[in-house]
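An overview of the molecular structure
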Amino acid sequence: MLLVVDQMRGDYIERYGHQWTKGLRRLVKQGAWYRQAAYTYMNTITCAGHSTISTGSIPATHGIILNAWWDRETGKQVSCTEDPKAQTISYGAPAKGGHSAFRLEVPTLADELRAQLSGKTRVVTMATKARAAIMLAGRRADAATWFDSGSGAWVTTSAFAAAPVPFIENFVKSHPVERDFGKTWTRVLPETAYLFEDAGTGERPPAGWSETFPHFLGGQSEKPDAQFYRLWGVSPFADDYVGEMAAAAVDALELGKGRGTDYLAMSFDALDSVGHAYGPQSHEVQDTLVRLDATIGKLLAHLDSAVGAKNYVVAFSADHGVAPIPERMMREGIETGRTSTSEIVARVEKALEPLLGAGKHVARMNYTDLYFMPGVYAKLQADATAMAAVRGAISEVPGVWRTYRSDELHSAKGASDLLMKAAALSYYAGRSGDIVVVPRPNWILVSDAKTIPAGSATTHGTSNGYDQHVPVILMGQGIKRGEYIDAASPADIAPTLAYLCGITLARADGRVLTEALQLPPAVQENSAKSSESAKKR
Ligand SMILES: [Zn+2]
C-alpha cells in the first residue's frame, strides 16, 4: 500500500508530530523513518512526484517534468495526463476530457507486479486529483478513481475501464460528497495545541473562506455548487473520503486475500490546497495533518482486521514540500519575494525585438521553463551575443538566480554545480523548455507578482530544501523499524517494494533501502561476514 500526502514537508514530522496519536504516529514510531529523505531533482511538482514514487525513476527518465508543458509538435499546452484517445467515465454528472498515463515513459511498480507475478495482482488507486490517481496506477487498473471538481463527480477513464466499476459506483452512490455540504471545518485540538498564529502573515485564503477558523463548507447558493466542490477539495473532508473509499476497496475486492500481491495506492490531496493558501506554519496545515492522522489510523486498523498486520507493507511519502510564505520570511529579515514569469517573458521579448524584429518570439513560459516560437532558439544558439542578451534580460527580473540553456542541461546530470545538476535531473529532451529559470532561495515563481490570486500564498517546485525534503517511511512485513539518517529519496520506494515482492523493475533510478529490510538470519550473517572480509582486504 502506498500513501502519498500532497505537499507534506519532511519537517512536519519534527514540527507537528507531537500533535499526532493515531496513523501518522504509528508510521513514525513503528516504521522505518528516513529522516533526511529528499527528492534529487528540481521540479518538485505533483505529477512529477507521484510518477517518481510509482516508478522509482526521476523525471529525466520517466518524462513527467511538470503538471503541464508546452507541446512543440501541436503548439499547445498539454497536461501530464491528458489523452486525446481516452474518455472520462463519470460516476455522477457528465465530465469532460480524457486521461491516461500514456505520457509516462516507464512502467510503474503496479504495472510490473501485474506483468511479472503469476498470481493476479489487483491495482486500485484513488485521489482527488487525476494526476495523482493515474500516475500511482500506470497503464491498467481495476479501479483508479478521482474527483472532477468541475462537474462535482467522481470519475475514471476509458483507459482503465470500459464502464463504471460497480463497487466504486455503489460506494459513490452511498457516500455522496454532498453529505458534507453545510458542514463547518473547525480545529480538532484545543486552540492552544497549535503552533504559530491562526491569521498568519501573508495568508491568502481561498474565495469563500477567511484567514481564521471556522471555515464553512457551503456554496454561493443554497445548493452544492462550483464553490462548494472547490472548497471541499481544500478541506480535510476530502481526505476522509479517500480513506473511506480505500477501506471499501479492501472489502469489495478482498484485497490482500487473493492469489497475487495486490497494490493499493492513494493520495491525500487536501494538504496541497490548504498549504498553498495558508502556508506551512498555519493552523489549517496543522489541523489537516491531525485529521489525516485519524484517517490513516482508521485505514491501517481496517487493514489489520481485514488482511492481518503481517500481510501488508506500507510506504508513506509526499510528492513535494512547500516554500514558506514570502511575507512571513520578510518579517524575519530574510530576503524573499515573488518572481513574475510574465515579467520574464516581457523582458525576453524586449531583448529580442532589435535582434529578430517585432512579433511574438516566446511561445510560452511554463513555471521554470521558457519555450520559444519555432526557429527562435536555433537562431540564439548560432548567435552568442543574442543568447547573452536574452539571459541577461531574464537575470534582471527580481528573484532570478540562474538561467540554464536546454543544450547545457542535456548533459549536466553529473554537473558539479548542484543547482544545474538538479535542473538536469528534471530535464527531458523535447518536453523541457529552451531556457530554464531558477529562482533564488525563498523566492517563489508566480505568473504575476502584482496580482496574487485567492488560495495562492505560496508554492513549490524548486530544488530548495523545503521543496525537496519529504517523508519516506516504510512499515510492515519485511521492514525493520527505526530512524534512519541514510540518504534516501522517494525514488527508492518502488525499488524497495519490488524487492520485497520478488520482482525486477525494468528501469529504476532509486535504490533498494537495504538497511531497512528485515533480512532472514542467514542473509544477515553472510552480509556481516562479507563486510568484515571487505574491511580486512
Ligand atoms: Zn501544489
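Up top you'll find the structure we're talking about.
Notes on the structure in this doc start here. In this text the structure is predicted, and so the values were computed from the model without any measurement.

**Structural notes on the overall build of the protein chain**
For the protein chain, the helix and strand inventory stands at 20 helices and 20 strands. In terms of overall size, the protein chain behaves like a compact globule, its C-alpha atoms giving a radius of gyration of 23 Å where 537 residues would be expected to give roughly 24 Å. Seen through its principal axes, the protein chain has C-alpha atoms that stretch 75 × 70 × 50 Å. Only carbon and sulfur atoms are counted for the fraction: they give 52% of the accessible area of the protein chain, which is about 21200 Å². Separation of charge centres in the protein chain, based on 55 positive and 57 negative side chains, amounts to 4 Å.

**Digging into the packing of aromatic side chains**
Following the criterion strictly, the structure yields 15 aromatic pairs and no others. Between the aromatic rings of Phe181 and Phe228, the centroid separation amounts to 5.2 Å while the plane-to-plane angle is 80 degrees, which identifies the pairing as edge-to-face. Here Phe181 is found in the loop between helix H7 (166-174) and strand E9 (184-185), whereas its partner Phe228 is found in helix H8 (residues 226-233), with 47 residues between them in sequence. Residue classification places Phe181 among the partly exposed positions, given a relative accessible area of 24%. Owing to a relative accessible area of 0%, Phe228 belongs among the buried residues under this scheme. One aromatic cluster is present, formed by Phe147, Trp154, Phe171, Phe181, Phe228, Tyr229, Trp232 and Tyr241 through successive ring pairs.

**With respect to the coordination of the zinc ion**
Put simply, the ideal angle at a metal is 109.5 degrees for four donors in tetrahedral geometry and 90 or 180 degrees for six donors in octahedral geometry. Distances from the zinc ion to its protein donors, Asp272 (OD), Asp272 (OD), His276 (NE2) and His460 (NE2), fall within 2.1 to 2.6 Å. Because the angles between the four donor atoms bound to the zinc ion fall within 54 to 157 degrees, the donor set is best described as irregular.

**Quick word on the pairing of strand E3 (residues 68-71)**
Pairing of E3 with strand E4 (residues 76-79), which is carried by four bridges, proceeds in the antiparallel orientation. Its bridge partner being in E4, Ala68 is matched across the sheet by Ser79. Hairpin connection between E3 and E4: a loop of four residues separates the two successive antiparallel strands, and Gly75 in this loop has a positive phi of roughly 65 degrees.

**Some remarks on the state of the cysteines**
In the structure shown here, the tally under the stated rule is one disulfide. Residue Cys47 pairs covalently with Cys80 via a disulfide, S to S 2.2 Å. Negative torsions about the S-S bond denote left-handed disulfides, and the value of about 95 degrees found for Cys47 with Cys80 makes this one right-handed. Here Cys47, found in helix H3 (residues 46-55), pairs with Cys80, found in the loop between E4 and strand E5 (88-90); they are 33 residues apart in sequence, far enough to count as distant.

**Structural notes on the environment of Tyr404**
Here Tyr404 shows up in strand E16 (residues 400-405). Tyr404 gets classed as buried once you look at its relative accessible area, which sits at 4%. The spacing of Tyr404 and Gly63 is 341 residues in sequence and 19 Å in space, taken between C-alpha atoms. Excluding its chain neighbours within four sequence positions, the residues that come into contact with Tyr404 are Arg391, Leu409, Asp417, Leu419, Met420, Ala423, Asp434, Ile435, Val436 and Val438. A polar side-chain atom of Tyr404 sits 3.1 Å from a polar atom in the side chain of Asp417. At a separation of 3.2 Å, a polar atom in the side chain of Tyr404 contacts the main-chain amide nitrogen of Met420.

**Focus on the nonpolar core**
Counting 134 residues, the largest nonpolar core has Leu3, Met8, Leu27, Trp154, Trp232 and Met266 as its most contacted members. Filtering out sequence-adjacent residues up to four positions away, Trp232 remains in contact with Thr128, Phe147, Trp154, Val177, Asp180, Leu217, Phe237, Ala238 and Tyr241. Among the nonpolar cores identified, the runner-up in size contains 18 residues, and Met365, Val376, Leu380 and Val437 belong to it.

**So, the pattern of salt bridges**
Tallied over the entire structure, the rule returns 29 salt bridges. A salt bridge links Lys120 to Asp142, with the nearest nitrogen and oxygen atoms 3.9 Å apart. Of this pair, Lys120 sits in the loop between helix H5 (109-116) and strand E6 (123-126) while Asp142 sits in the loop between helix H6 (130-137) and strand E7 (143-148), and the two are 22 residues apart along the sequence. Between Arg391 and Glu408 there is a salt bridge whose closest N-O contact spans 3.2 Å. Remark: Glu408 occurs in helix H16 (residues 406-409) and Arg391 occurs in helix H15 (residues 384-395); sequence separation between them is 17 residues. For Glu408, a relative accessible area of 19% gives the class buried. A cluster of three or more residues bridged by salt bridges with shared partners is formed by Arg179, Asp180, Lys183 and Glu244.

**Quick word on helix H17 (residues 418-425)**
Judged by how many residues are buried, H17 sits mostly within the fold: six of eight residues are covered. Buried within H17 we find Leu419, Met420, Ala422, Ala423, Ala424 and Leu425. Summarising the contacts, the buried residues of H17 are in contact with helix H4 (59-62), E16, H16, strand E17 (435-439) and helix H18 (465-468). Among the residues of H17, the N-terminal cap falls to Asp417, whose side-chain oxygen and the backbone nitrogen of Leu419 are separated by 3.0 Å.

**Structural notes on the sheet that holds E16**
One open sheet holds the four strands; their spatial order is E14-E15-E17-E16, and the pairing between them is antiparallel. Of all strands in the sheet, those bounded by a partner on one side alone are strand E14 (362-366) and E16. In this sheet, adjacent strand axes meet at a mean angle of 20 degrees when their direction is disregarded. As paired elements, E16 and E17 share five bridges and run antiparallel to each other. The residue bridging Val400 from the neighbouring strand is Pro439, located in E17. The strands that H15 touches are strand E15 (369-372), E16 and E17; relative to E16, the one it contacts most, it runs at about 155 degrees.

**Section: H8**
The element H8 is largely enclosed, with a buried count of six among its eight residues. Turning to H8, its buried residues number three or more, namely Gln227, Phe228, Tyr229, Leu231, Trp232 and Gly233. For H8, the secondary structure elements touched by its buried residues are E7, strand E8 (153-157), strand E10 (215-216), helix H9 (236-252) and helix H10 (270-278).

Thresholds applied
Residues numbered from 1 in each chain as written. Predicted model: local features only at pLDDT ≥ 70, side-chain atom pairs only at ≥ 80, totals over all residues. Heavy atoms only, no water. Helix = DSSP H or I, 4+ residues; strand = E, 2+ residues; numbered from the N terminus. Rg over C-alpha atoms; globule rule 2.2 N^0.38 Å. Areas by Shrake-Rupley, 256 points an atom, 1.4 Å probe, with all protein chains shown as cover. Lys, Arg positive; Asp, Glu negative; His and termini not counted. Charge placed at Lys NZ, Arg CZ, Asp CG, Glu CD. Phe/Tyr/Trp six-rings, centres within 6.5 Å; stacked < 30°, edge-to-face > 60°. Buried < 20%, exposed > 50% of the residue type's maximum accessible area, 1.4 Å probe, protein only. Donors = N, O, S within 2.8 Å, 3.2 Å for Na, K, Ca; no water. Tetrahedral: all angles 85-135°; square planar, octahedral: opposite > 155°, others 65-115°. Pairing = 2+ DSSP bridges. Disulfide = S-S within 2.5 Å. Contact = heavy atoms within 4.5 Å. Polar contact = N/O pair within 3.5 Å; in protein donor to acceptor, adjacent residues only side chain to side chain. Core = buried A, V, L, I, M, F, W, Y, C linked by side-chain atoms within 4.5 Å. Salt bridge = Lys/Arg side-chain N within 4 Å of Asp/Glu carboxyl O. Axes fitted to C-alpha atoms, helices over the stretch in contact; angles between N-to-C directions.

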